[in-house]
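# Survey of secondary and tertiary structure
Residues per chain are reported as follows:
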Amino acid sequence: MKKILTGMMFLIAALSAFVCAEESKQTVIPIKSERQLFLDDQWLISSMENVQILVHQPVRKELSDIRNRAWEGAGSKFHTVLYDPIQKIYLMYYVATPGENITPWHTKNMYACFMQSKDGIHWTYRPLHLVEWGGSKENNIIVSHVMNFNPFLDANPKSLPQERFKAVSNGTSGCMVVWTSADGIHWTAKNEGKPVYAPKTPNAFDSQNVAFWSITEKKYVLYYRAWDPRGFRSAERAVSDDFIHWTKEKMINVPDADLPKTDHGEFYTNQIQPYYRAPQIYIGFPARYNDNKTTESFKLLPEQEERKIRMKVNPRFGTVTPDSIFFASRDGYNFKSSNDVFLAPGLKTLYNWGYGDNYIGHGIVETDSPEEDEGRELSFYATESSFTGYDLRCRRYALRIDGIASLHAKTKPGIVATQPLTFTGKELSLNIATSGFGSAYVEICDLKGNPIPGFSKKECDIIYGDSLDRRVSWKGSKDLSPISGKPVILKFYLCEADLYSLIFE
């Protein structure tokens, strides 16, 4: 009998060792105390049942400005919006192009302009007296002769105060000039105004090009227009340690199923940026270049007379109907498309079915909602009425905080399980919204999927309501200290609910 018991004990020990060995093979994601958004489908998520990733379209809000000043015009474009926490103001930059409909494009006829706002909703034009145009400096021009000009606030801790703002612009064809500023208004070209980077990639910089300091990569990152070798508009990436010397890397990559096609779905802009509440995630809002040519539906589009004028210059100026999508990346190279439109032209067709419309500006900012008791929201800024006459319109759009996409469950209850992960922190905070009928529960499991005692679904206090910071509790306790740093799997039980993000505080 002793031999049998000893043999059984040995077998149990061996099986336990095998299970532990198998568990150790699982990849465990260290999310630390970084906010996690549900922008792609398989990085953090292991399985979903009756749940989908839902992309939320921004809500159309008020006009921010009409570009109808003498030095501006129908071709004005390429917006950038920033919030400066030191000056406590919002800053808007854009490229102005005088003239109506399609004026022949040439860098000498393009000017970078500036506006500001105290709230991101009401924008103020004021003469800056920096650059002469038409015999006067009564204008808001900050830099002349640039086809694109894209500033950013430098998050590099080693950045000099007089270079707190940085910007990239096109030089001659296919190259880049860089700029610095202390206040975002008065700019100095670095390297004596000579180009610092020329990648020799077809059509390089022929659009809005963006740069930023990456907190996670600890370097400057640049994304610029380039033609993919397969023959469509896309974006290429370069990096720099000092903002002067740049190293060309490679084209961004999207899954084959999401690849743009020639003349349809090509990425006219990229608008890539770190998401400010989760800077380890890069998000982008590319304007898609869609050209269905002269179909029967084309004949039903608005502004037919204006289109005819534009088509005398180039047929595509009349037939292209842009919109914008959303994509995200966790490594800066591989971008997962939302596989759904983010900003569609919409039913109000007079101003948003033309060439140059629905371009989302670079930079999303957090603003107060003008609606009573609505709190804070994300603000986006997009173009409309491009090339329809003498002016261009800039409009604000809004979403809830972290509201780009969510784990969405309908009335039929759903379950989401994460990949194995470790976290640091003592409490779990959810950005979540349910209906009055809806609910959510969180269960924390070991690597075999078994609920950890004290953190099961049955012990989780029911979650319902709408909150950007809903702390999860189990039998009244929020304390996660006993399992902090240990590999776990999270399970979310959702019914008529949207889970936008989570963070361990």
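This text follows the structure it describes.
Our subject in this report is the structure included herewith.

## Structural notes on the sheet that holds strand β27 (residues 392-399)
- If you walk across this open sheet you meet the four strands as β5-β27-β26-β25, and the pairing is antiparallel. Edge positions in the sheet fall to β5 (59-67) and β25 (365-368), since each of these pairs with one other strand and no more. The mean inter-strand angle of the sheet, taken between neighbouring strand axes irrespective of direction, is 40°.
- In this structure, β5 lies alongside β27, joined through six bridges in antiparallel fashion.

## Some details on the pattern of salt bridges
- Using the criterion set out here, one finds 31 salt bridges in the structure.
- Residue Glu-305 is joined to Lys-308 by a salt bridge in which the shortest nitrogen-to-oxygen separation is 3.5 Å. A residue pair is termed a helical-turn pair when its members lie 3 or 4 positions apart in one helix, as Glu-305 and Lys-308 do in helix α2 (residues 304-313) at three residues.
- Residue class for Lys-308 comes out partly exposed when judged on its relative accessible area of 47%.
- One salt bridge connects Arg-376 with Asp-368, and the closest N-O pair in it is separated by 3.0 Å.
- Among the residues examined, Asp-368 registers a relative accessible area of 45% and is labelled partly exposed.
- Salt bridges here are not isolated pairs; linked through shared partners, they connect Arg-60, Glu-384, Arg-393 and Arg-395.

## Some points on the side chain of Thr-319
- Relative to the helices and strands, Thr-319 is located in helix α3 (residues 316-319).
- Here Asp-291 takes part through its side chain, which lies 2.8 Å from a polar atom of the side chain of Thr-319.

## Overview of the sheet that holds strand β18 (residues 246-251)
- With antiparallel pairing, four strands are arranged side by side in an open sheet as β15-β16-β17-β18. The open sheet has two edge strands with one neighbour each: β15 (210-214) and β18. The average undirected angle you get between the axes of adjacent strands in this sheet is 30°.
- Two strands pair when backbone bridges link them, and β15 and strand β16 (residues 219-227) are joined in this way by five bridges, in the antiparallel orientation. Across the sheet, Phe-212 pairs through a bridge with Val-221, a residue of β16.

## Some points on the pairing of strand β7 (residues 89-96)
- Summarising burial for β7: eight of the eight residues are buried, a large majority.
- A two-sided burial pattern is seen for β7, the buried positions comprising Ile-89, Leu-91, Tyr-93 and Val-95 on one face and Tyr-90, Met-92, Tyr-94 and Ala-96 on the other.
- Bridge count for strand β6 (residues 77-84) against β7 is six bridges, and the pairing is antiparallel. When the sheet's bridge partners are listed, Leu-82 is paired in β7 with Leu-91.
- What sits between β6 and β7 in their antiparallel hairpin is a turn of four residues, with Lys-88 showing a positive phi close to 55°.

Quick notes on the rules
- Residues numbered from 1 in each chain as written.
- Predicted model: local features only at pLDDT ≥ 70, side-chain atom pairs only at ≥ 80, totals over all residues.
- Heavy atoms only, no water.
- Pairing = 2+ DSSP bridges.
- Helix = DSSP H or I, 4+ residues; strand = E, 2+ residues; numbered from the N terminus.
- Axes fitted to C-alpha atoms, helices over the stretch in contact; angles between N-to-C directions.
- Salt bridge = Lys/Arg side-chain N within 4 Å of Asp/Glu carboxyl O.
- Buried < 20%, exposed > 50% of the residue type's maximum accessible area, 1.4 Å probe, protein only.
- Polar contact = N/O pair within 3.5 Å; in protein donor to acceptor, adjacent residues only side chain to side chain.

Nothing here speaks to function; it is geometry throughout.
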